[in-house]
Amino acid sequence: MGAAIEIQDVSKRFKLYHEKAHSLKERVVKLGRLPYEEFWALRNIDLEVAQGETVGLLGHNGSGKSTLLKCVTGILRPTSGRILKAGRVAALLELGSGMHPELTGRENIFMNGAILGLSKAHVAKIFDDIVAFSEIEHFIDQQVKHYSSGMQARLAFAVAVNVDPEILVIDEVLSVGDEAFARKCLDRIKQFQREGRTILFVTHNADLTRQICDRAAVLDHGHQVMVGPPGEAVLAFRDTLLQRGLDPLAEAGITAEWGTTKQVRIVGAEIVYADPTAGHALPDEPVKVRLEYDAPERVDDVAFAINIHDQNGNLLVGTNSDLLGLDIPSVRGRGEVIFNLERVPLLDGVYVVSLGVHSHDAGTSYDHRDQKDFIEVLNTTKTVGLVHFPMHVEISSASHDTQAAL
């Protein structure tokens, strides 16, 4: 199977001007001499999308995802490198792109069809299908500038999926609109996949990436971090966010600041996976959280605590050595505490670990280590959600019995 899209060593540079010419004369006088700063939105991107493959693009805002899609669709021209495409391309980029606000929905459908090289007769033939899919029949003769964002998204998606594209390029448009229409769009995408069409799309939705993508690429500040299976790409994407200084709990509005006496200090911590070389756990695998402490003087009233949050700030578990039934008579000098998580019943994500040392009644905090350690879980299946429920499914009939397990 050949390549539908070949992105070969593509870079894109923009010039950021810090001074403006305020008149035509000034523009002529300063032609080519206005100072500017170079900004590279993309650097040496290499990506091949096979015919019939669905590839997602993941990255933080400003990572270059939308710029890359605009280069693929021909809206922007790469500064260097080249992009090869095999087949008709339909694109859904940022909201409102491809739609003229002064034209009606009907006129925009015919205009977009003409841009894609379709005859007026061909567009007329599929017009009713486009309008029916968009579900905006009563507004089709109104100017698009009067449409809501959801209505614009509906019309744009309806046009793109009904012009018979070999390649569909989507930039987060599925995040606009109601849930029922989003499901309808997803069903049409899955139909495209069954028909062997090629899809390249941008999303921040990890579940959606894992559910429909064959592979995913991760971008960070214009650089390509990795291309691989969806689960690994989601994990790499979250790693880039953490490396950029993301504080998941602070983002959720949760902070934890209190005074500590330092009678017992936390001097180190480590997350230990079942496979130490993997750097992540699989669902239901055991994980150890090692805490190293130092108590210069003997302390008799002590307990060690652990909290684990998701990246939205939801507390998944909070416990301590007292609650777990371990009575620590005293500590002195250096030592180690290990929290053995016998299994991690989570599907996918980066989970935030906070550690603490305090008195039995929690009235005195000796030390704490907040939001500095992370448990990473990689879901290798297409099952979506947060919690891993081990299950199997079976079907029985007069002709056969079949079982499958998760």
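See the structure shown above.
Quantities reported herein were computed from a predicted structural model and do not represent experimental measurements. (Residues numbered from 1 in each chain as written. Predicted model: local features only at pLDDT ≥ 70, side-chain atom pairs only at ≥ 80, totals over all residues. Heavy atoms only, no water.)

Asker: Honestly, the pattern of salt bridges in this entry has me stumped. Any pointers?
Answerer: Charged atoms that come close allow side chains of opposite charge to pair. Overall, the coordinates contain 16 salt bridges when judged by the stated rule. Residue glutamate 38 pairs with arginine 13 through a salt bridge whose shortest N-O separation is 3.2 Å. Of the two residues, glutamate 38 is situated in strand E2 (residues 36–50) and arginine 13 in strand E1 (residues 3–17); the sequence distance between them amounts to 25 residues. Taking the shortest distance from any N to any O, the salt bridge between glutamate 270 and arginine 290 comes out at 2.5 Å. Taken together, the residues span a long stretch of sequence, with glutamate 270 in strand E10 (residues 265–273) and arginine 290 in strand E11 (residues 287–299) at a distance of 20 residues. We classify glutamate 270 as partly exposed; its relative accessible area is 37%. (Salt bridge = Lys/Arg side-chain N within 4 Å of Asp/Glu carboxyl O. Helix = DSSP H or I, 4+ residues; strand = E, 2+ residues; numbered from the N terminus. Buried < 20%, exposed > 50% of the residue type's maximum accessible area, 1.4 Å probe, protein only.)

Asker: Any chance you could explain the packing of aromatic side chains here in plain terms?
Answerer: Any aromatic ring pair is given by two values, namely how distant the centres are and how the planes are angled relative to each other. For the structure shown, the criterion picks out three aromatic pairs. Both rings, one in phenylalanine 133 and one in phenylalanine 157, keep their centres 5.8 Å apart while their planes meet at 20°; by these two values the pair is stacked. One end of the pair, phenylalanine 133, is in helix H4 (residues 120–134); the other, phenylalanine 157, is in helix H5 (residues 149–162), with 24 residues separating them in the sequence. Looking at phenylalanine 157, the relative accessible area reads 1%, which means it is buried. A ring pair is formed by tyrosine 293 and phenylalanine 304, whose centres lie 5.2 Å apart and whose planes are at 40°; its orientation type is tilted. With tyrosine 293 in strand E11 and phenylalanine 304 in strand E12 (residues 303–309), this pair connects stretches of sequence that are eleven residues apart. Judged by relative accessible area, which is 11%, tyrosine 293 ranks as buried. Above the plane of the ring of phenylalanine 133 lies lysine 184, whose end atom (NZ or CZ) is 4.6 Å from the centre. (Phe/Tyr/Trp six-rings, centres within 6.5 Å; stacked < 30°, edge-to-face > 60°. Lys NZ or Arg CZ within 6 Å of the ring centre and 35° of its normal.)

Asker: Would you take a moment to explain the packing of H4 against helix H6 (residues 179–194) for this structure?
Answerer: Two measures define how a pair of helices packs: the angle their axes make with one another and the distance between the axes. Packing of H4 against H6 leaves a shortest axis separation of 11 Å and a crossing angle of 135°. For the element pair H4 / H6, the angle class is oblique. Where H4 abuts H6, its residues Ala132, Phe133 and Ser134 lie against Phe181, Lys184, Cys185 and Arg188. (Axes fitted to C-alpha atoms, helices over the stretch in contact; angles between N-to-C directions. Parallel < 35°, antiparallel > 145°, perpendicular 65-115°, else oblique. Contact = heavy atoms within 4.5 Å.)

None of this, on its own, says anything about what the molecule does.
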